[in-house]
Amino acid sequence: MASSVSREFPFVPFILLLILIITSTAAEPRSVAAAAAEDPTPTPWPLQFHSVLFMNKSGALQMIDLWYDWPNGRNFNIIQDQLGKLTYDAEWNNGTSFVYTLDSDRECKTLYPGVGILRPNWLDGANYLGQRYIDGFLCNVWEKVDFIWYYEDVETKRPVHWVFYTGRHAHVMTFEVGAVLEDAGWQAPAYCFDEQQRGKERNPAAGRIESVVGVRRSLFG
Ligand SMILES: *[C@@H]1O[C@H](CO)[C@@H](O)[C@H](O)[C@H]1NC(C)=O
Ligand SMILES: *[C@@H]1O[C@H](CO)[C@@H](O)[C@H](O)[C@H]1NC(C)=O
């Protein structure tokens, strides 16, 4: 009994070691190749959705209602500054955007950013950076042209968070796939079409560049 144990004992680790070496050398080149080929890709945006975004740029807070509507070629950012201004930013795929208030100030700027709204697959070609936790969700993370860092929930594939190069953070609070804002909601007020108000600003200010058109302008413009 004792002699049989002492005779067989050294062989067990040797065989284990041999198996380890064989499997690890065989597996390694394959797993490296597979990792590059199988990097996850961002889920394209749904053709229509409504999302509430909580924005934070160095403590300046905003809530944004985002209505993305690709089939109708339009995108809406309704931007509420904390205890402040409510701004409507309706962007059309024909390259025109209306940025206005609906209060007594009756402000409106018509912008011609020169590009339409983001395509649903606008994240194609983004660089995969791996997985990280953000806002309590395990996410796949991509970066595109040093402009945006995009976090998508590993499990549900919904966007969770994105960060612009300026340090402005968007936390995705709701994400309603298929929700569409009725046509009447998109109508810019009459004063947007007054001659005096029209068409002056062809080079949108830096603050606006982070809207969806702004993203598109930076990525493709
Ligand atoms: C906003 O971001 C700043 C960092 O830029 C952080 O200190 C602050 O806690 C954030 N505020 C909220 C409400 O998340
Ligand atoms: C683009 O579409 C919007 C909404 O239909 C319209 O108000 C605007 O005049 C159009 N712009 C151009 C340049 O056709």
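Residues numbered from 1 in each chain as written. Chains lettered and ligands numbered in written order. Predicted model: local features only at pLDDT ≥ 70, side-chain atom pairs only at ≥ 80, totals over all residues. Heavy atoms only, no water.

### Here we look at the overall build of the protein chain
- Scanning the protein chain from terminus to terminus reveals three helices and 11 strands.
- Buried residues in the protein chain amount to 41% of all 221 residues.
- For the protein chain, the accessible area works out to roughly 12600 Å², and carbon and sulfur atoms hold 58% of it. (Helix = DSSP H or I, 4+ residues; strand = E, 2+ residues; numbered from the N terminus. Buried < 20%, exposed > 50% of the residue type's maximum accessible area, 1.4 Å probe, protein only. Areas by Shrake-Rupley, 256 points an atom, 1.4 Å probe, with all protein chains shown as cover.)

### Re the packing of aromatic side chains
- Summed over all chains, the structure comprises 16 aromatic pairs.
- With centroids separated by 5.1 Å and ring planes inclined at 90°, the aromatic side chains of W45 and F49 adopt a geometry described as edge-to-face.
- The class for W45 is buried, based on a relative accessible area of 5%.
- Ring geometry for W45 and Y68: centres 5.0 Å apart, planes at 80°, overall edge-to-face. Here W45, found in the loop between α2 (11-37) and β1 (48-57), pairs with Y68, found in strand β2 (residues 60-69); they are 23 residues apart in sequence, far enough to count as distant. With respect to class, W45 is no different from Y68; both count as buried.
- Grouping aromatic residues by their ring pairs yields a cluster made of W45, F49, Y68, W122, Y150, W162 and F175. (Phe/Tyr/Trp six-rings, centres within 6.5 Å; stacked < 30°, edge-to-face > 60°.)

### What to know about the site of ligand 1
- In the vicinity of ligand 1, the contacting residues are F54, N56, S58, G59 and L61.
- Between ligand 1 and N56, the relevant distance is 2.4 Å, taken from an oxygen atom to a side-chain nitrogen or oxygen of the residue.
- When ligand 1 is considered free in solution it has 370 Å² of accessible area, and contact with the protein chains removes 35% of it.
- Considering only residue class, the shell around ligand 1 consists of two nonpolar, three polar and no charged. (Near = heavy atom within 4 Å. Polar contact = N/O pair within 3.5 Å; in protein donor to acceptor, adjacent residues only side chain to side chain. Nonpolar A, V, L, I, M, F, W, Y, C, P; charged D, E, K, R; others polar.)

### What to know about the sheet that holds strand β9 (residues 148-153)
- With antiparallel pairing, the 11 strands of this open sheet are ordered in space as β6-β5-β4-β3-β2-β1-β11-β10-β9-β8-β7. The open sheet has two free edges, formed respectively by β6 (108-111) and β7 (127-134), since each of these has just one partner strand. Along the sheet, successive strands turn relative to each other by an average axial angle of 20°, direction set aside.
- Examined bridge by bridge, strand β10 (residues 159-164) and strand β11 (residues 168-177) share three bridges and lie antiparallel to one another. Bridging across to β11, H161 finds its partner in H171. (Pairing = 2+ DSSP bridges. Axes fitted to C-alpha atoms, helices over the stretch in contact; angles between N-to-C directions.)

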